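Structural description and commentary
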Amino acid sequence: MQIRITGGRLVDPGHFDGIADILIEDGKIAAIIESGQTGEQDRVSNIQRPGIQNFDASGKIVTPGLIDMHVHLREPGFEYKETIESGCRAAAHGGFSTVCCMPNTHPVNDSRQVTEYILAKAAEINLVRVLPVAAISKGIEGKTLCEYEGLKQAGAVAVSDDGNPVMNSRLMRSALERAKDLNLPAISHCEDINLAAGGAMNEGVVSKKLGIAGIPGVSESIMVLRDIALSELTGAAVHIAHVSTAGSVRAIRDAKARGVRVTAETAPHYFTLTEDAVSKCGSQAKMNPPLGTENDRMAICEGLSDGTIDVIATDHAPHSSEEKALGLPAAPNGIIGLETSVSLSLKLVKDGVLSLPRLVEKMSANPAGILRLECGLRVGRRADITIIDPDLSYTVDAAGFRSLSRNTPFDGWHLKGKPVLTMVGGRIVYEEGIN
Ligand SMILES: [Zn+2]
């Protein structure tokens, strides 16, 4: 089986940016022919063997398969919100060839059995790559560490108690040390639960106006500072999940300047929206950490721009309509993100926050580097490829999402730029207008 992608702008951050054709054979990249190498180009475009599939990527962007290192697939246990299958379809539709799923399922992914179950299910579905993140502590309760060696052998690519912070600093220190010994990345959900307790949105002018209990922004940065201190103490790397405040960006920037092994991610909602969205969208704009102020949003953009924030991840968090209808204080935290992430992130390029290659890097090479995954458009590598049409304008229609859930504040938004093809190991798992 051969597939030829012709005429697209190949963006492989740090390696290549230009017009080229790609030939895919047996699931791998067999040839990359730059525009101008006419002899070679003729050779590739003249291949007329039966069964060869051609994709004209003229005017489009061809990138390494995008990686979302922070999603909640909800299975096992919460299949009414999302299943591994519906989550994989949403990922493919959103341009992602790889997703990492967080362990706060039921049961929690704190055992080999759950890790193996997720991997077996994903293999059966055979759409995008699903890489399980196992829990830091048993039951994500922050009391007893999990057995990381067995979890790693079973296929876990990182550990995190995401959804819950590890409040006990002594336990977090041990977690970082053990993860370091096993070369397993540790991902930290930073939140001082005592300080945040009872809040449903950012503490500030909007929460006062709405009469809703607030969460002060420092609930996040206090724990970011603690994890930076623990990383310095142990020499272990730590990755900060869903960074949302100016204080956290400043702390991570200072730590990186000192050479601390800290990396960080943010999500599209944190550079797109502010707490004002809660007035308009109610629980559809409720997430943890909460949307911040315009000052926070600008700091996130600066952090992306200067390299303080390494990764854009969605924190795709499906919930049923009934749950979100409970209203602001009672509704669960989180919004879905897989099917709007690329379009929202492309706005950073339009606004001059990031160049296109830097954006692609934060959605492919950087998460791959943190998780030690293969990535990049190089001959001989797995053909995990995303094709984006930067000029395709559309209106977000949540009803048409592949995800089982509809909890997004972006329904009805007019966006420009959209993934039109997702390829995993040489197989097309999503093509605009076809599946
Ligand atoms: Zn989290």
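The structure reproduced in this document is the subject of the present report. It should be emphasised that the depicted structure is a prediction, and the values quoted were computed from it without experimental measurement. (Residues numbered from 1 in each chain as written. Predicted model: local features only at pLDDT ≥ 70, side-chain atom pairs only at ≥ 80, totals over all residues. Heavy atoms only, no water.)

Overview of the overall build of the chain
In plain terms, the rule: Secondary structure is summarised from DSSP: a helix means a run of H or I of at least four residues, a strand means a run of E of at least two, and numbering begins at the N terminus for each. The globule rule used for comparison is 2.2 Å times the number of residues to the exponent 0.38, while the radius of gyration itself is calculated over C-alpha atoms. Only protein chains enter the calculation, and the probe is 1.4 Å; a residue is then buried if its accessible area is under 20% of its type maximum, exposed if over 50%, and partly exposed in between. Any pair of residues with heavy atoms lying within 4.5 Å of one another is described as a contacting pair. Exposure was quantified through the Shrake-Rupley algorithm and a 1.4 Å probe, taking into account, for residues, occlusion by the shown protein chains and nothing else. Only four residue types enter the tally: Lys and Arg on the positive side, Asp and Glu on the negative side, with His and both chain ends excluded. By convention, the point assigned to a charge is CZ for Arg, NZ for Lys, CD for Glu and CG for Asp.
Summing up its helical and strand segments, the chain has 16 helices and 18 strands in all. In terms of C-alpha radius of gyration, the chain reaches 21 Å, essentially the compact-globule figure of 22 Å for 435 residues. The C-alpha extent of the chain, read off along each of the three principal axes, is 65 × 45 × 45 Å. Evaluated residue by residue, the chain yields a buried proportion of 60% over its 435 residues. Considering only residue pairs separated by 6 or more positions, the chain has 74% of its internal contacts joining residues 24 or more positions apart. Accessible surface computed for the chain: about 16600 Å², of which carbon and sulfur atoms make up 50%. One finds the centroid of the 44 positive side-chain charges in the chain at a distance of 2 Å from the centroid of its 53 negative side-chain charges.

Description of the packing of aromatic side chains
Operational definition: In this analysis, rings of Phe, Tyr and Trp, with Trp reduced to its six-membered ring, are considered paired at centre separations within 6.5 Å, and the interplanar angle assigns stacked below 30 degrees, edge-to-face beyond 60, and tilted for intermediate values. Sitting over a ring, as applied to charges here, requires NZ of Lys or CZ of Arg to be within 6 Å of the ring centre and within 35 degrees of the ring normal.
Counted according to the given criterion, the structure contains one aromatic pair. Ring centres of Phe410 and Trp413 lie 4.9 Å apart, and the angle between their planes is 90 degrees; on these two criteria the pair is classed as edge-to-face. A relative accessible area of 1% means that Phe410 is categorised as buried. Seen from the ring of Phe78, Lys81 lies directly overhead, with NZ or CZ sitting 5.7 Å from the centre.

What about the pattern of salt bridges?
Formally: Basic side-chain nitrogens of Lys or Arg form a salt bridge, by our definition, when they fall within 4 Å of a carboxyl oxygen of Asp or Glu.
Applying the stated criterion to the full structure yields 17 salt bridges. Here Lys256 makes a salt bridge to Asp310, at a shortest N to O gap of 2.8 Å. Separated by 54 residues along the polypeptide, Lys256 in helix H9 (residues 246–257) and Asp310 in the loop between helix H12 (294–306) and strand S15 (311–312) bring together distant segments of the chain. For Lys256, a relative accessible area of 25% gives the class partly exposed. In this structure, Glu294 and Arg297 form a salt bridge, with 2.9 Å as the shortest nitrogen-oxygen distance. With a gap of three residues between them, Glu294 and Arg297 both fall in helix H12, about one helical turn apart. Among the residues examined, Glu294 registers a relative accessible area of 37% and is labelled partly exposed.

With respect to unusual backbone geometry
Here the residue pair His106 and Pro107 is connected by a cis peptide bond, since its omega of 0 degrees sits within 30 degrees of zero. Mapped onto the elements, Pro107 comes out in the loop between strand S7 (96–101) and helix H3 (112–125). One non-glycine residue with positive phi stands out, namely His242, at about 25 degrees. Tracing the backbone shows His242 in the loop between strand S13 (238–240) and H9.

Re the sheet that holds S15
The cut-off we apply is this: Think of it this way: DSSP has to see at least two bridges between two strands before they count as a pair.
Strands sit in the order S6-S7-S8-S9-S10-S13-S14-S15 across an open sheet of eight strands; the sheet is parallel. Two strands in the sheet have a free side with no partner beyond their single neighbour: strand S6 (66–71) and S15.

A few points about the environment of Ser393
Inspection of the secondary structure assignment puts Ser393 in strand S16 (residues 385–395). Separated by 41 residues in sequence, Ser393 and Gly352 have C-alpha atoms that sit 19 Å apart. When residues no more than four places from it in sequence are discounted, the contact partners of Ser393 are Leu415 and Lys416.

Description of the coordination of the zinc ion
Note the cut-off: Only nitrogen, oxygen and sulfur atoms count as donors, using a 2.8 Å cut-off from the metal that widens to 3.2 Å for Na, K and Ca. Water is left out, so coordination shells may look unfilled.
At this site the zinc ion is bound by Asp162 (OD), His189 (ND1) and His242 (NE2), with donor distances of 1.9 to 2.4 Å. Donor residues for the zinc ion, ordered by position in the chain, follow D-x26-H-x52-H. Taken together, the residues span a long stretch of sequence, with His189 in the loop between strand S10 (186–188) and helix H6 (193–196) and His242 in the loop between S13 and H9 at a distance of 53 residues. The pair formed by His189 and His242 is uniform in burial state, with each residue classed as buried.

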